[in-house]
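Commentary on secondary and tertiary structure
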Amino acid sequence: MRLRRLLAVGAAGAVAVLGISTAAVAVPIGHAAAPASSGQNNGNGNADSLRALAQRVGLHIGTALIPQDIETPSYAAIGGSQFSVVTPGNAMKWQIVEPQPGVFDWSQADELVSFAHAHDQLIRGHTLLWHNQLPTWLTTGVANGTITDAQLSDLLHQHINTEVSRFKGEIWQWDVANEFFTDSNPSTINPNDFWVSHLGAGIIPQAFRWAHAADPHALLCYNDYNIAGEDGSNAKSDAAFAWLKQMLAEGVPINCVGDQGHLDTQFGFSPQRMTQDLQRYASLGLKVAITEADVRTFVNNATAQVPTDNLALFAQPYEESQMLKSCLAVAQCISFTVWGFTDSDSWVPGFFTGEGYATIYDVNQQPKPAYLDLQQDLELAAHGAPHRSGAGPF
Ligand code: XIL
């Protein structure tokens, strides 16, 4: 087993001391094991894994992981060998970590952290302030008035402090706030959002301050979908940019912006705009990341997930690849994360009726054209993409 412990020290910026102990290494499926002496610090010695190729330009390639990925050996082999940063798909959401008031269940989150240690991976914490996947006791209490707004604010403070403190020093990037902007044009902070409607928009910067107090070295991110060129009008990106600029001017500890990158081939998107929007956030002094990339399309059924439109076979890998290229073009883009790596456990068929084929491995965990395109993009990137630096503890 390969263990890695991040100990954040130092005042300005995150400085890490890496204590590494090494024993056996895992062999990824579909690839021969490279000699252990290959010099690649990629957890498996496989020089053409996504993580190894990305490392040449200082980029981290990530995936969301759910318990099934960690507990199924064939999935875990891919999850551990191809990616250098992992995000818990659900395990760190409030609903999971505090199912009853004051009763904490860290088992799934701990499982994810152990997996990351064992595979020499960084962790993106996800997510502290979001309207979805809240515990029922919280939403019911607010709805029936047994939890007042003042108590709600205290509960949130406690939640953020408890969770961020528990994983202090373990989390590279925290998605502090998730999905606050409307999809309208112009876009605004959603006044009807659960948190905003009860506590006002000031609760968002407050969440960043609370998270910063609990772990001053974690990179704290604002995360949302369609904030990097995907919505056609760019209204949502404009709103997010203006808000971030204002927050930074007010000294709010925000360090990064995550664009989720959930695309759908029926809508298309502008890769040029994505690059420009990522660059624009970076111009504020922020790091940027693609945090939940997937590209869905219509399929025959949720099990086989064969695209019904032949052109989707081209559009799907193209859009996935274009997102990576946008990230590669911006030196401040420090990680590119896919929201699950295999179609067999993607969230897409369960959430978007009739759609699927959204990830980079097929339903039998075989690499799809999207995987090969990402691999090729990363190979070529080593010959010209800017090197990322100063991103944190690695
Ligand atoms: C999704 C998970 O993948 C599902 O398993 C869960 O049922 C719902 O949430 N944006 C986010 C993620 O920020 O947390 C969501 O994850 C997908 C959309």
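To be clear, the structure that these remarks concern was listed above.
Position numbers for residues count from 1 along each chain, tracking the sequence in the order it is written. Owing to the predicted nature of the model, reporting of local features is limited to residues with pLDDT of at least 70; listing and counting of side-chain atom pairs is limited to 80 or more, with chain, interface and lining totals taken over all residues. Processing note: side-chain calculations cover all non-hydrogen atoms of the structure and skip hydrogens and water entirely.

Moving on: the nonpolar core. By convention a nonpolar core is built from buried Ala, Val, Leu, Ile, Met, Phe, Trp, Tyr and Cys residues, the set being connected through side-chain atoms within 4.5 Å. Burial classes: relative accessible area under 20% of the type maximum marks a residue as buried, over 50% as exposed, and values in between as partly exposed (1.4 Å probe, protein chains only). Ranked by size, the top nonpolar core spans 94 residues in total, and within it Leu-59, Trp-195, Ile-204, Phe-208, Trp-243 and Phe-336 carry the most contacts. Looking at which element gives the most residues to this core, the answer is helix α9 (residues 203–214), with seven residues. The residues contacting Trp-195, other than those within four sequence positions of it, are Trp-94, Leu-129, Trp-130, His-131, Leu-134, Leu-138, Leu-152, Leu-156, Phe-180, Gly-200 and Ile-203. Grouped together as the second largest cluster of nonpolar side chains are seven residues, Trp-172, Leu-219, Cys-221 and Cys-256 included. A run of H or I in DSSP becomes a helix once it reaches four residues, and a run of E becomes a strand once it reaches two; helices and strands are each numbered from the N terminus. What makes two residues a contact is simply this: any of their non-hydrogen atoms within 4.5 Å.

With that settled, consider the site of the ligand. Here a residue counts as near a molecule or strand whenever at least one of its heavy atoms sits within 4 Å of it. As a matter of local geometry, the ligand sits amid 13 residues, with Lys-93, His-126, Asn-178, Glu-292 and Trp-339 nearest to it. For this analysis, a polar contact is any N or O atom pair within 3.5 Å, provided that within protein one partner can donate a hydrogen and the other can accept it, and provided that sequence-adjacent residues contribute only side-chain to side-chain pairs. Contacts to the ligand include His-126, whose side-chain N or O atom sits 2.7 Å from an oxygen atom. In this structure, Gln-133 approaches the ligand through a side-chain N or O atom, which is 3.2 Å from an oxygen atom. Here the Shrake-Rupley method, with its probe set to 1.4 Å, supplies the accessible areas, and only the displayed protein chains count as covering residues. Here the ligand loses 83% of its free accessible area of 410 Å² to cover by the protein chains.

Next up on the list: the side chain of Asp-175. Relative to the assigned elements, Asp-175 resides in strand β6 (residues 173–178). Setting aside anything within four residues of it in sequence, one finds Asp-175 in contact with Arg-124, Gly-125, His-126, Thr-127, Leu-128, Cys-221 and Asn-223.

What follows covers helix α12 (residues 312–329). How far a helix is expected to stretch is found by multiplying one less than its residue total by 1.5 Å. Over its 18 residues, α12 runs 25 Å from end to end, which matches the ideal 26 Å to within 8%, given 1.5 Å per residue. The set of residues buried in α12 consists of Ala-312, Gln-316, Pro-317, Glu-319, Glu-320, Ser-321, Gln-322, Met-323, Leu-324, Ser-326, Cys-327 and Leu-328. Where α12 is buried, its residues touch β3 (60–65), β9 (262–264), α11 (271–282), β10 (287–298), β11 (333–338) and α14 (369–381).

Any two cysteine sulfur atoms within 2.5 Å of one another count as a disulfide. Evaluated as defined, the whole model comprises two disulfides. Each disulfide pairs two cysteine sulfurs, and for Cys-221 the partner residue is Cys-256, the sulfurs being separated by 2.0 Å. As the torsion about the S-S bond is roughly -80 degrees, the Cys-221-Cys-256 disulfide counts as left-handed. Residue Cys-221 is found in strand β7 (residues 219–224), and its partner Cys-256 is found in strand β8 (residues 256–259); the two are separated by 35 residues along the sequence. Looking at Cys-221, the relative accessible area reads 0%, which means it is buried. Judged by its relative accessible area of 1%, Cys-256 is buried. Bridging Cys-327 to Cys-333, the disulfide has an S-S length of 2.1 Å. Here the S-S torsion is close to -100 degrees, and the disulfide linking Cys-327 with Cys-333 is therefore left-handed. Considered together, Cys-327 and Cys-333 belong to a single accessibility category, that of buried residues. If one numbers only the bonded cysteines of the protein, in the order they occur, the disulfide pattern is 1-2, 3-4.

The definitions used throughout rest on a 1 Å grid laid over the protein atoms alone, on which a cavity is an enclosed set of points accommodating a 1.4 Å probe that cannot get out and a pocket is an open set flanked by protein within 12 Å on both sides along at least five of seven lines; lining residues are those having an atom within 4 Å of a point. Grid points are joined across faces, edges and corners, and a volume is the space filled by probe spheres set on the points. Within this model, the largest pocket holds a volume of roughly 670 Å³. What lines the largest pocket is a set of 33 residues, among which Gln-260, His-262, Glu-292, Trp-347 and Phe-352 lie closest to the centre. When residues of the lining of the largest pocket are traced back to their parent elements, those giving at least two are β3, β9 and β10. Examining the composition of the lining of the largest pocket, we find that three residues originate from one element, β9, more than from any other. Tallied by class, the residues present in the lining of the largest pocket amount to twelve nonpolar, twelve polar and nine charged. Ten residues, namely Ala, Val, Leu, Ile, Met, Phe, Trp, Tyr, Cys and Pro, are considered nonpolar, four, namely Asp, Glu, Lys and Arg, are considered charged, and the remaining ones, Gly among them, are considered polar.

Next up on the list: the pattern of salt bridges. Here a salt bridge means any side-chain nitrogen of Lys or Arg lying within 4 Å of a carboxyl oxygen belonging to Asp or Glu. Tallying each qualifying case throughout the model produces ten salt bridges. Where Asp-110 meets Arg-166, a salt bridge forms, and the shortest distance between an N and an O atom there is 2.7 Å. With Asp-110 in helix α5 (residues 107–118) and Arg-166 in helix α7 (residues 149–166), this residue pair connects regions lying 56 residues apart in the sequence. Exposure remark for Asp-110: the relative accessible area of 30% places this residue in the partly exposed category. Between Glu-355 and Arg-296 there is a salt bridge; the shortest N-O distance is 3.8 Å. Here the residue Glu-355 occupies a position in strand β12 (residues 355–356), and Arg-296 occupies one in strand β10, the gap between them amounting to 59 residues. Taken individually, Glu-355 and Arg-296 each receive the classification buried, so the pair is uniform in this respect. If you follow the salt bridges from partner to partner, you end up with Asp-183, Asp-224 and Lys-236 in one network.

Scope: geometric values only; no functional claims are made or implied.
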